[in-house]
Structure formats: C-alpha cells, structure tokens
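Listed below, chain by chain, are the residues.
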There are 2 protein chains.
Amino acid sequence: MKIVIDCFGCDDPRGFTRGIPAALHTYEDIEVVACGPASLIRDYLGDLTFDRDRLEIMDAPDIITNEESPVEAIRRKPNSSLAVALKRMKTDPDCKALISAGSTGAVLVGSILLIGRCKGVARPGLAPLLPCDNGKMMCVCDSGANMDCKPEHLVEFARYGSRYMSSVYGEEAPAVGLLSVGVEEKKGNTLVKETHALLKDSGLNFIGNVEASEALSGRARVIVCDGFDGNLLLKSIEGTAMSVMTRMAGLMKKYAPEGTDMTFMKQTLGEMLHTLDAGSMAGAVLLGVKKIVIKAHGNSGEKTLPFTVGQARSMILGGYLKEEDL
Amino acid sequence: MKIVIDCFGCDDPRGFTRGIPAALHTYEDIEVVACGPASLIRDYLGDLTFDRDRLEIMDAPDIITNEESPVEAIRRKPNSSLAVALKRMKTDPDCKALISAGSTGAVLVGSILLIGRCKGVARPGLAPLLPCDNGKMMCVCDSGANMDCKPEHLVEFARYGSRYMSSVYGEEAPAVGLLSVGVEEKKGNTLVKETHALLKDSGLNFIGNVEASEALSGRARVIVCDGFDGNLLLKSIEGTAMSVMTRMAGLMKKYAPEGTDMTFMKQTLGEMLHTLDAGSMAGAVLLGVKKIVIKAHGNSGEKTLPFTVGQARSMILGGYLKEEDL
C-alpha cells in the first residue's frame, strides 16, 4: 500500500522527511511517495540507509506556508508539495493515505477540492487523539474545521469518528458522547439538543451527553461537537495541563526538604509531557473525505512520522473507508 | 449595610448558617438577614457567640431543591427560603446583596423575576472567579446561565464583568478578552466575530480574542463567552486539573526512590487543591440584575461563607451598581 507524504510546509521539513526511512523500516508492507523539492528531499535522506525501491520522490518546487489563505494557496500553487500530493492521491488508486504537517487550512481545503467528500458528507471534520486517564485514546471531532455547524454535521462527525476509532483500535462500536454542559438529555444549547435527538436514532453506540470535566476519563471514545467547541476543549486541556504542571513543579521545589534528590520529579514531568504528546504524535484525521488524510502536528519530525504512518496503515487495514462512501 | 443570606437549599445548611457569626466578626459594618426555617437557624447558631443585634432571622419554612424546575419552584413556593430572601431584597432598599448556595436555576430565575434586570440588560450572566497563574483572579461570563446568545448579550456580560472586577479588585479598566479559537480578529464562529466588532467600540478595555489555552494566564481579567462555552471552559479546566494532579501523584509514587519522605508531595497537592478552590470559595456573581446576587457553591459551609460575604461587601463598597442601571 502506498502512503503519500507532503514533506514540506511544516516547521522542520528536514526532520519530517528523515522520518520516512524509519517508517519504511518499521512497516515492511508500505511504500512511500514523498512530495516536495526533489533535490532537497534527496539531500535530506542522503546519508540514511533504507530500501530505496519503496520510496518514490515527486518533485514539487513550491511550498504553501501557514500565512497564506488556504483557498488562494491551493489554487495559485499547483506545483506546491501539498497540491502535487493531493493530485497524486486523486489520480492513483494505489495511494491510500496522505500525511501532511503543513497548513491545516490548506490540507482541509485542498482535500475537499481535490479528493472530494464522502457520499452524504457536507462537512468533513478534523479529529485529533487525546490520551485518557484509563490509558486509552479518545478522539474529538470536530476540532476546528467547522466553526458553525448544524445537527446533521455533528452526526457525520460521530459516524466517521466511530469508524475511525474502530479501524485503528479494533473496537466494534466505540462509545460516542456528545459534548454538553450536563449529562441529562435536555441540557445544552439548541445545536446540542437537536443533535442529541438525531444521535439517539443513528445506530451508533451513543452514550448521551458528556461534560468537559469527564472528557479525559475515556468513558466516550469519540467526543462529538462543533469545531469551535472542540478547539476550545483541546486548547483548554492543553493550557490547564501546562499550568497545573508548572504550578506543581514550583510548589514541590518550595516544600521539598533541602537536599531532596529531585530526579524522580523530572522523570514524572517527563513522562507526563510524553503522555500528553502521545495525542499530537498521532496527528489529526480529516474525517469524511474519500481517502485517508492525516494532518500531522506542525512540529512533527523524525521521531513522530513513523507513528503517524502506522496510524494511516491501521486505518487502511482496519477498513476505515467503505464502498458506500465513494 | 445589610446582606441577605438564603441559608437553605444547599448541601450543608447547618455549616452554611454557622458561617454567619464568623462573617459578622470579620466585617463589623455589615448586618445579616438570614432566611430559612427560623427554629432551625436558631438551633444551628445556638452555641455560638456573636453580636445578635446584627442578625435578623426571617422565617421561611419551605426549601427549594436542586431537583425542582426553577420556574415552578419560585412560583409555587413563595415561603421558601430563597423566595423570602428575594422578596426582602426587592422591598428593602437597605438590603444591598443576596447570597444563596441553593439551586442555581432558581437563584437565576428568581432574581430576574423578583429583583429584575438592569436597564438595557436582556440576559443576566453568571460569573465565577478562577485563580490565574499570575496570582490574580479572572472571571468567566457567562458560565452557564444562557445557552444560546446574541452578540449584544456578550457585550452586556463584558460590561458588567468589567464593572465587577473593577469594584472588587480596584482595577480601573480590567482587561476584557473574547473567548475564541485564535487571537486574530477573523478567527471564531459567527457569534464571536460579530461580538468582536461590537466590543471594539464598547469603550471597555477590550484586548481582543483570547484562546482557551491562555485562559489561566491572567492576561484577560474578564473572559467573555456564551454560557455553553463558559461552562465548557470551566469544566474542562476542572477536569484537566484533577486528571493531571492524579496522574502526577501516581507517577511520583512510581519514580520516587524507596524511603523518600513524601510529605512535601502531600503539601503540594494540598496547596494546589486550595488554589483551585479559591474560585469556588468566592461564588459566582449574577451580573445584570438590579441588586448584587451571589450564587455560592452548593457545598459552601462555615469556612467559605465569610469569604463570600466579603466579596459581596467589596462589590457594595466598590460601586458595582450605578444609578443608571436601576
């Protein structure tokens, strides 16, 4: 199976590109199509040893930056690494998944324009993963692609989010929760109340409303919300986690008796940060387009790319997309 | 100045009532009107020493519970501790502030029906306080009273939130931030973009959009949002803080060398919880009604009531309400 990688538009194209050999080593059944300025890609990979027969380089001299308007950029830069990658996805049935760490907006707009939406999907949504207290992963959909949504859009997020978690983690019917301000059915704003009614009849494993306070508990494996609220939830979790860790580190220094060996505290903070990073390592999946598209974190590099490739491979093998979607 | 206290409808009426003497000791310029079943109030206070001339007990045999519909409860229980307290507020110009730890919905509905909205206010909002990283307090408004809002409602929250922080903390023009998914003006949903335009011309110290990730930084002293998102933000902060503390405590046990004296860790967690509690101690203010109304936390008790009374007193002395509001 072929996985297309847009090597540019991210913070560290060199590191990101240099993750490809490790991915090829780890997964022996994949081939990679790397898009970007060919001479740079060759240069980045020059000293590394790997099976070069399983790597194809597609030259794409242009790069789309985060500063550009996504719609304009996709239209005006047909030779950008992202546009070339998307066109390859569109025309080559062997290419099953695309990974890009470039501009989120451009990946989103480009995928909708060039790959197209699944049948019956009006609004593809972006679904990142978060590590829960019970050690499992949970996805939030939508996390920022769609600011103003209708109830039927949230049902689409639920349907594809459920399929996503099922394909990657092998769970038959992942628990779907609707983000609200109380667990009772009548709690929430108009959007949430109308969505609740639709989700009850969706055939999904809908467990009702979940509150933001229990998002990390892992009770719901798919948390459904509009993109504004999903973004709010993710950023609030991120900000609070950093704030609490910083405050606790400060307090421990204050209270620890003089001479206490604080190595274990560094280990604690290190593992804590690592856990929180687990989500961003995976990248966010664009749910509801006709191929698998993963938006990796902008600061992805050599160490995280193999993880994201593994996620794409799981989705391909797990049957995330169905005949009826196309 | 007289402060009316609804002593019932909370988790621990005895503890809450027994906080009154401490409040009277602390603030010598206040008098308290305590509402609830008179014999019970007398019984709760029986063994305590305080200036009984500054306490008036208003008998109110009924109690409104959290399980009742707020509108029904206020209508059908005119002799409940909350309804009696509200009627006293309405009729007695000496009564400047009301504190209740009872049903949030009933306090909200009752205050609007019996005390009335400030001139020009369509939707009073609930504003709790949160402790920021810089040691200052910040309020979120609305935090759950209004699920579906219009831009002008958010401007009202901003105006009264600003006045509130100014009256309690003496800051002339507290920084007002609009909760959104990016700091750029064009980021957000329709509600936020329209509100942004109005806030720019509001005459308030509007610092633009703030993201959920920086909510606890203290850059904005008033965070403005609809009640759905405010509730989401608060619960997400609460849930994440508990999750991170629990995970860190577990990791420290794992990494600490055998025999390490972990007393300092308990002190750390204790102070951390205390800091997080600082917000709930203060209670949430119902902004935009014609008197000061504070909804104390349902589990408020003997230790927290004096703090809430002090907050009410600061608002009275700080000139939170103006002639033009009435």
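Criteria and cut-off values
- Residues numbered from 1 in each chain as written.
- Chains lettered and ligands numbered in written order.
- Predicted model: local features only at pLDDT ≥ 70, side-chain atom pairs only at ≥ 80, totals over all residues.
- Heavy atoms only, no water.
- Pairing = 2+ DSSP bridges.
- Helix = DSSP H or I, 4+ residues; strand = E, 2+ residues; numbered from the N terminus.
- Axes fitted to C-alpha atoms, helices over the stretch in contact; angles between N-to-C directions.
- Contact = heavy atoms within 4.5 Å.
- Salt bridge = Lys/Arg side-chain N within 4 Å of Asp/Glu carboxyl O.
- Polar contact = N/O pair within 3.5 Å; in protein donor to acceptor, adjacent residues only side chain to side chain.
- Nonpolar A, V, L, I, M, F, W, Y, C, P; charged D, E, K, R; others polar.
- Buried < 20%, exposed > 50% of the residue type's maximum accessible area, 1.4 Å probe, protein only.
- Arc of directions from axis to C-beta.
- Least-squares fit on C-alpha atoms with pLDDT ≥ 70 in both.
- pLDDT = per-residue confidence, 0-100.
- Core = buried A, V, L, I, M, F, W, Y, C linked by side-chain atoms within 4.5 Å.
- Disulfide = S-S within 2.5 Å.
- Parallel < 35°, antiparallel > 145°, perpendicular 65-115°, else oblique.
- Left-handed = near helix turned anticlockwise from the far one by under 90°.

**Describing the sheet that holds strand β8 (residues 176–180) of chain A**
All names here are of chain A.
- Across the sheet, five strands lie side by side as β6-β7-β10-β8-β9; this open sheet has mixed pairing. Only two strands of the sheet have a single neighbouring strand rather than two, namely β6 (129–131) and β9 (206–211). Neighbouring strand axes in the sheet, compared pairwise and without regard to direction, differ in orientation by 30° on average.
- Here strand β7 (residues 137–141) pairs with strand β10 (residues 222–224) via three bridges, running parallel. Looking across to β10, one finds that Val140 is bridged to Ile223.

**Details of the interface of chain A and chain B**
- Chain A puts 48 residues into the contact, and the matching count from chain B is 49 residues.
- Taken together, chain A and chain B are joined by six salt bridges.
- A salt bridge links Lys235 of chain A to Glu211 of chain B; the shortest N-O distance between them is 2.3 Å.
- Run the count over chain A and chain B and you get 19 residue pairs in polar contact (both at pLDDT 80 or more).
- At the level of secondary structure, the elements contributing two or more residues to the side of chain A that touches chain B comprise β8, α8 (190–200), α9 (227–255) and α10 (263–282) of chain A.
- Residue composition of the side of chain A that touches chain B, by class: 25 nonpolar, 14 polar and nine charged.

**Concerning the pattern of salt bridges**
- Enumeration over the complete set of coordinates arrives at 32 salt bridges over all chains.
- We note a salt bridge from Lys77 of chain A to Glu68 of chain A, for which the minimum N-O separation is 3.0 Å.
- Here Arg18 of chain B and Asp47 of chain B are joined by a salt bridge, their closest N and O atoms 2.8 Å apart. With a gap of 29 residues between them, Arg18 of chain B in the loop between α1 (13–17) and α2 (20–26) and Asp47 of chain B in the loop between α3 (38–45) and β3 (55–59) connect regions that are remote in the sequence.

**Details of the sheet that holds strand β8 (residues 176–180) of chain B**
All names here are of chain B.
- If you walk across this open sheet you meet the five strands as β6-β7-β10-β8-β9, and the pairing is mixed. The open sheet has two edge strands, β6 (129–131) and β9 (206–211), and neither has a second partner. Strand after strand, the sheet turns through a mean of 30° between neighbouring axes, direction not considered.
- Strands in contact with helix α9 (residues 227–255) are β6, β7 (137–141), β8 and β10 (222–224); relative to β7, the strand with the most contacts, it is inclined by about 140°.

**Considering the pairing of strand β2 (residues 31–36) of chain A**
All names here are of chain A.
- For β2, the tally of buried residues reaches five of six residues, placing the bulk of the element in the interior.
- Alignment of strand β1 (residues 2–6) against β2, held across five bridges, turns out to be parallel. Pairing of Ile3 across the sheet is with Val32, part of β2.

**Quick notes on α3 of chain B**
All names here are of chain B.
- Three or more residues of α3 are buried, namely Ala38, Ile41, Tyr44 and Leu45. Angularly, the buried residues of α3 cover 125° about the axis, an arc narrow enough to put them on a single face. Set apart from the buried face of α3 by more than 90 degrees, the exposed residues are Ser39 and Asp43.
- Where α3 is buried, its residues contact α1, α2, β2 (31–36) and β3.

**Focus on the relation of the copies chain A and chain B**
- With an RMSD of 0.0 Å, chain A superimposes on chain B once it is rotated by 180° and translated 0.0 Å along the axis. Accordingly, the operation relating the two chain copies is best matched by a two-fold axis.
- Most of the interface of chain A is mirrored in chain B, where 100% of its interface residues are also at the interface.

**Remarks on the environment of Lys2 of chain A**
- Note on placement: Lys2 of chain A falls in strand β1.
- Expressed as a C-alpha distance, the spacing of Lys2 of chain A and Val222 of chain A, which sit 220 residues apart in the sequence, is 28 Å.

**Some remarks on the environment of His25 of chain B**
All names here are of chain B.
- Turning to its location among the elements, His25 is positioned in helix α2.
- Placed 25 residues apart in sequence, His25 and Phe50 show a C-alpha to C-alpha distance of 7.2 Å.
- The contacts of His25, once residues within four sequence positions are left out, are Thr49 and Phe50.
- Within the structure, His25 has its side chain in polar contact with the backbone oxygen of Thr49 (distance 3.2 Å).

**Quick look at unusual backbone geometry**
- Following Cys141 of chain A, the chain continues into Asp142 of chain A via a peptide bond in cis, with omega recorded as 10°.
- Mapped onto the fold, Asp142 of chain A is located in the loop between β7 and α7 (151–169).

**Some details on the confidence of the model for chain A**
- Per-residue confidence for chain A gives a mean pLDDT of 95, with 99% of residues at or over 70.
- Predicted as a complex, the structure gets a pTM of 0.93 and an ipTM equal to 0.92.

**Digging into the nonpolar core**
- Residues Ile5, Ile99 and Tyr164 of chain A together with Ile5, Ile99 and Tyr164 of chain B are the most contacted members of the largest nonpolar core, which totals 152 residues.
- The element that contributes the greatest number of residues to this core is helix α7 (residues 151–169) of chain B, accounting for eight residues.
- Ignoring anything within four residues of it in the chain, the contact list for Tyr164 of chain B reads Ala127, Leu129, Cys139, Gly283, Val285, Leu287, Gln311, Met315 and Tyr320 of chain B.
- Counting residues in each nonpolar core, the second largest holds 26 residues, with Ala249 of chain A together with Val244, Met252 and Met272 of chain B among its members.

**Digging into the environment of Asp6 of chain B**
Residue and element names in this part refer to chain B.
- With respect to the helices, strands and loops of the structure, Asp6 is situated in strand β1 (residues 2–6).
- By relative accessible area, Asp6 is classed as buried at 1%.
- Those residues in contact with Asp6, other than ones at most four positions away along the chain, are Phe16, Cys35, Ser81, Leu82, Ala85, Leu98, Ile99, Ser100 and Ala101.
- Within the structure, the side chain of Asp6 is placed 3.2 Å from the backbone nitrogen of Phe8, a separation counted as a polar contact.

**A closer look at the side chain of Ser100 of chain B**
All names here are of chain B.
- Within the secondary structure, Ser100 sits in strand β4 (residues 95–100).
- For Ser100, the side chain forms a polar contact with the main-chain nitrogen of Gly102, separated by 3.1 Å.
- Look past the residues within four positions of Ser100 in its chain and what remains in contact with it is Asp6, Leu82, Val107, Ile294, Lys295 and Ala296.

**Overview of the state of the cysteines**
Residues and elements named next belong to chain B.
- Applying the stated criterion to the full structure yields zero disulfides over all chains.
- We note that Cys95 lacks a disulfide partner, and the nearest cysteine sulfur, in Cys35, lies 8.4 Å from it.
- Left without a disulfide partner, Cys149 is nearest to the cysteine sulfur of Cys225, which lies 8.6 Å away.
- The buried category is assigned to Cys149, whose relative accessible area is 15%.

**With respect to the packing of α9 of chain A against α9 of chain B**
- Here α9 of chain A crosses α9 of chain B at 40°, and the two axes come no closer than 8 Å. In terms of axis orientation, α9 of chain A runs oblique to α9 of chain B. As for the relative orientation of α9 of chain A and α9 of chain B, their crossing is right-handed in sense. Here α9 of chain A contributes Phe228, Asp229, Leu232, Leu233, Ser236, Ile237, Thr240, Ala241, Val244, Met245, Met248 and Met252 of chain A to the contact with α9 of chain B, which in turn contributes Phe228, Asp229, Leu232, Leu233, Ser236, Ile237, Thr240, Ala241, Val244, Met245, Met248 and Met252 of chain B.
- Of the residues that constitute the contact of α9 of chain A with α9 of chain B, the class distribution is 18 nonpolar, four polar and two charged.

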